[in-house]
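# Examining the three-dimensional arrangement
Here is how the chains run, residue by residue.
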Amino acid sequence: MTLLRALASLLVLHLLQGSSASLVQLKDNGYEDVIVAIDPGVPEDGEIIEQIKDMVTTASTYLFEATEKRFFFKTVSILIPKNWKENSQYRRPKHESYKQADVIVAPPTLPGQDEPYTKQLTECGAKAEYIHFTPDFVLGKKQNEYGPSGRVFVHEWAHLRWGVFDEYNNDQPYYMSRLKKIEATRCSIGMFGTNSVYKCQDGSCITRRCRIDSTTKLYEKDCQFFPDKVQTEKASIMFTPKIDSVVEFCNEKNHNQEAPTLQNLKCNFRSTWEVIRESEDFKSVTPMVTPPPLPAFSLLKISERTVCLVLDKSENMKDFNRLYRMNQAAKTFLLQTIENGSWVGIVEYDSTTHIKSKLVQITSYSERRKLLECLPTEASGGISICSGIESALQVIREKHHQTEGSEIILVTAGENKSASSCVDRVIQSGAIVHSVALGPSADVILSVMSSATGGNHYYASDQAYRSSFTDAFRTFESGNAGPSQMSFQLESKRLTLNNEAWMNGTVIVDSTLGKDTFFSITWDKQTPSISVWAPSGKLVGGLTEDTASRMAYLSISGTAPVGTWTYNLQAKANSETLTIAVTSRAADSAVPPITVSAKMNKDTNSFPSPMVVYAEVRQGYVPILGVNVTAVIESSSGNTEVLELLDNGAGADFYKNDGIYSRYFTSYKENGIYSLKVQACGGRNTAMRSLRRPMSPAKHISGCIVDGKIEENVLNPKIDEDTQPILESFSRTVSGGVFVISQVPPLPVTDLYPPNQIRDLDATLHGDEVCLTWTAPGDDFDVGKVQQYTIRISGSVLDLRDHFEDALQVNTTDLLPNEANSKQTFTFKPGKISEENSTHLFIAIQSVDKSNLTSKVSNIAQVALFIPLGEPSPHEGHRHPGANTPTLVLVVVGSVAIICLLLSATIYILKKKKKSK
């Protein structure tokens, strides 16, 4: 069993967050099991289904040609909301769920924001989360702005599957080229067009030439690049697939390394085709000789959930209060977590099996209470896992005549030699098995069974605190439940107290929640004194004490009043461990609740590779900024690490102010399983709804040039405000699942972690000095303080990128590093560079820690020295130069950094160039 136990640890690919992983597989050049999910908030419209089919079919052909006959879409499932009408073509989902969707068709983030986008969290080359399309986009109503839906789907699929980035930059739409010309940020440079300002007011539209901004020395804010409708350039799909001639990704030959495109910034100046070529997908296939078949579609309609609890009552459950812990978690699941409308059954087992409850549909509190009476009350006997599972399948068949898509939640604390004998039968049944292993003797075949059936596996340590078991059951919420059905955790706290000591606290109920608000308290030894006060100060009655399970619970009828609730718990025994959890549902189905989701970047990892924690805070699809987000990571032995997660665009955080809070985790103390819990607290007027457009949306093309005129113009809606304050406080607590760490050496270990890469270099000019600012990295990624910085400059961006150590170094003697995640500044006077014929200077920073470990080179800042063009004519293309006016223009390459040079140095270099001629 030692080998099987090791195998199971390696197979924890569906631990908790594994349930949200994509099901897509690449077989024989075709992508199978792609899921397109229609959000429950989308009004019923059968045309959406037909247009999804048409979009994917068109995309398959476009993808096949764009990848030189390598990839196509083979099988696609369309998830249809439960509230849509029945249809004979619809089938019940098996493993498919909204959490696993690759494409989500949902209302826009904000009204009028129909931009397609892909949620990307991590570095270049990594798979993304999902693609977001709006109904209007799928229905073809936004084709003039973004292009045909099938082509745009391929653009977004490249983000999703291969981790490439856009070859434009909405924050930096223009840059200065080596040819002393203001250019639109694009790839390839062979995409011709016109730079103009196009404005409409009161039904009248005007077109005029773009002016040069006196501050940025680039075109003014309202200037847009309008591409020619008729082009010969084939690249790039990641700039815009709207142009008919565009059928390729940029490669080494036509890639524009000068432009500050997101692809250049995030992928170290590599072209999209280079990144795609390095993907596992590309390496696993060869070009096809014959055309691929058309995609096959499955229409799957969400239906009522069916769950059967299979609970261990063997002798093993007597140890470490396991029976109490299981019942406490199961009761919380039955009273609060499981959604209304679900069918629930209960089976208990030891060496034999007892069906305690056949399937009952939950329609009220009454059914929930009756199910509580069916939980095990005594632990004894041997163990037969297979008989428990087979009885559960029998219960499900008796009611629904089939088991596909149903769920089994299996709990066990023992090892059963015959458990492997039923794995094949369980897989063939089509049921999904979620498993919870209690203690080190729990059968390791559970993780194998859960992984094979698409379920979750959770290990609940006997040493870890009790709420970890309850958290395991909370993760078994339906993957297809809408936000109005889901239960959200507001509080989860545990404390060990001495006799008569108090555990006091407050819970905030905000206006987006309040329905079915539920307080749950557990203890180990003796019933504590429990008091709960409403925001009005009134003591709340109705507490139910369940001494047999060592828990008490309080359900607030109706909608709980908004405000701060207070609780006081007083221990009645020495070394008493008390826990409290508070949950609530959405107060109004028409108002999206504020939600928090959390995950690690990997399910399994080995020392010393770092992990990254991610937590997303949003309301609907609107990001929430300014939230205090804390991650608590606990090992199986009970050791904890607390991390403040940040949304600052530095360190592990990929985009600033996108509502995704991140941090590196490297404090590995032991091998084994670690659990993640995230707490998010938003203060009144400090937390903000982001009204900005999604990060990296598909490029909005306002119009194209036909015969010298702008045609098909659709103005991009303007947003007046960037953020909107949330006028109340809120709190959320969420489990982020578990992950496995291996190969941790005995402590202490040598320093293995360098500082994180600087990505937000910025600068301004003050007199004759260059003033730099950036977010300070840490000694170990984003923790601690670096020892020193190295700043170098060069006349070639490629030389600086590829030969940083050979570039001219700036004197940084007076530069004292700050603590990680604080703002770092430095001012210096630049000297003469050796490349006298250069028209650009490029600057980058590298940090060094106390162990002499170095970071990756920062984003590269570009300084352009040239005589810029005058204002173009209204329809001037980039191929026709205009008048010249001497100017110093500062340009950013590699993030948002702007490096300011001494004006006298500029004049000196220009004079030297003139003399050399």
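Presented here is a report on the structure given in the accompanying data block.

What counts and how
- Residues numbered from 1 in each chain as written.
- Predicted model: local features only at pLDDT ≥ 70, side-chain atom pairs only at ≥ 80, totals over all residues.
- Heavy atoms only, no water.
- Salt bridge = Lys/Arg side-chain N within 4 Å of Asp/Glu carboxyl O.
- Buried < 20%, exposed > 50% of the residue type's maximum accessible area, 1.4 Å probe, protein only.
- Helix = DSSP H or I, 4+ residues; strand = E, 2+ residues; numbered from the N terminus.
- Polar contact = N/O pair within 3.5 Å; in protein donor to acceptor, adjacent residues only side chain to side chain.
- Contact = heavy atoms within 4.5 Å.
- Core = buried A, V, L, I, M, F, W, Y, C linked by side-chain atoms within 4.5 Å.
- Pairing = 2+ DSSP bridges.
- Right-handed = clockwise from strand over helix to strand, strands pointing away.
- Axes fitted to C-alpha atoms, helices over the stretch in contact; angles between N-to-C directions.
- Parallel < 35°, antiparallel > 145°, perpendicular 65-115°, else oblique.
- Left-handed = near helix turned anticlockwise from the far one by under 90°.

Another aspect to go through is the pattern of salt bridges. The final tally for this structure, using the stated rule, is 34 salt bridges. Across the pair Lys 493 and Glu 491 runs a salt bridge, and its minimum N-O distance is 3.8 Å. Assessed through its relative accessible area of 31%, Lys 493 is described here as partly exposed. Across the pair Arg 618 and Glu 616 runs a salt bridge whose closest N-O atoms are separated by 3.8 Å. Since its relative accessible area comes to 15%, Glu 616 is described here as buried. One salt-bridge network, in which partners are shared between bridges, spans Lys 27, Glu 32 and Lys 74.

A word on the side chain of Asp 350. Inspection of the secondary structure puts Asp 350 in the loop between β16 (343-349) and β17 (353-361). Residue Asp 350 is classed as buried on the basis of its relative accessible area, which comes to 7%. In terms of polar contacts, Asp 350 uses its side chain to reach the backbone amide nitrogen of Thr 352, at 2.8 Å. Each residue touching Asp 350, except ones within four places of it in the same chain, is listed here: Lys 313, Ser 314, Ser 380, Gly 381, Gly 382, Ile 383 and Ser 384.

Attention shifts here to the nonpolar core. One finds Phe 153, Trp 162 and Phe 249 to be the most contacted residues of the largest nonpolar core, which totals 71 residues. Of the residues forming this core, the biggest block, nine residues, is contributed by helix α2 (residues 46-66). Those residues in contact with Phe 249, other than ones at most four positions away along the chain, are Ala 66, Thr 67, Val 154, Ala 158, Trp 162, Ala 235, Ser 236, Ile 237, Met 238, Thr 272, Trp 273 and Ile 276.

This brings us to the environment of Ser 858. For Ser 858, the position within the fold is in the loop between β47 (840-848) and β48 (861-866). Under the relative-accessibility criterion, Ser 858 is labelled buried at 5%. Among residues more than four places away in sequence, those in contact with Ser 858 are Gln 757, Ile 758, Leu 761, Ala 844 and Ile 845.

What follows is about unusual backbone geometry. Cis peptide bonds are those with omega within 30 degrees of zero, and the linkage from Ala 235 to Ser 236 qualifies with 15 degrees. Of note, Ser 236 is situated in the loop between β13 (224-227) and α6 (262-266). Looking along the chain, the bond that leaves Phe 607 and enters Pro 608 is cis, with omega of 5 degrees. As for its position among the elements, Pro 608 is in the loop between β30 (604-606) and β31 (611-619). Residues other than glycine seldom take positive phi values, yet Asp 28 does so here, at roughly 50 degrees. Of note, Asp 28 is situated in the loop between β1 (25-27) and β2 (30-32).

With that settled, the discussion passes to the pairing of strand β19 (residues 432-438). Summarising burial for β19: seven of the seven residues are buried, a large majority. Where burial is concerned, the two faces of β19 agree: the one with Ile 432, His 434, Val 436 and Leu 438 and the one with Val 433, Ser 435 and Ala 437 are both buried. Bridge count between strand β18 (residues 407-412) and β19: six bridges; the pairing is parallel. Counted as the bridge partner of Leu 410 is Ser 435 from β19. With helix α12 (residues 423-429) bridging β18 and the parallel β19, this β-α-β connection has right-handed handedness. Where β19 and strand β20 (residues 457-460) come together, four bridges link them in parallel fashion. Following the sheet pairing, Ser 435 is matched in β20 by His 457.

At a minimum axis separation of 8 Å, α2 and helix α5 (residues 149-162) run at an interaxial angle of 70 degrees. The angle between the axes of α2 and α5 places the two elements in the roughly perpendicular class. Viewed along their axes, α2 and α5 form a crossing whose handedness is right-handed. Residues Met 55, Val 56, Thr 58, Ala 59, Tyr 62 and Leu 63 of α2 form the contact with α5, whose own contacting residues are Ser 149, Gly 150, Arg 151, Phe 153, Val 154 and Trp 162.

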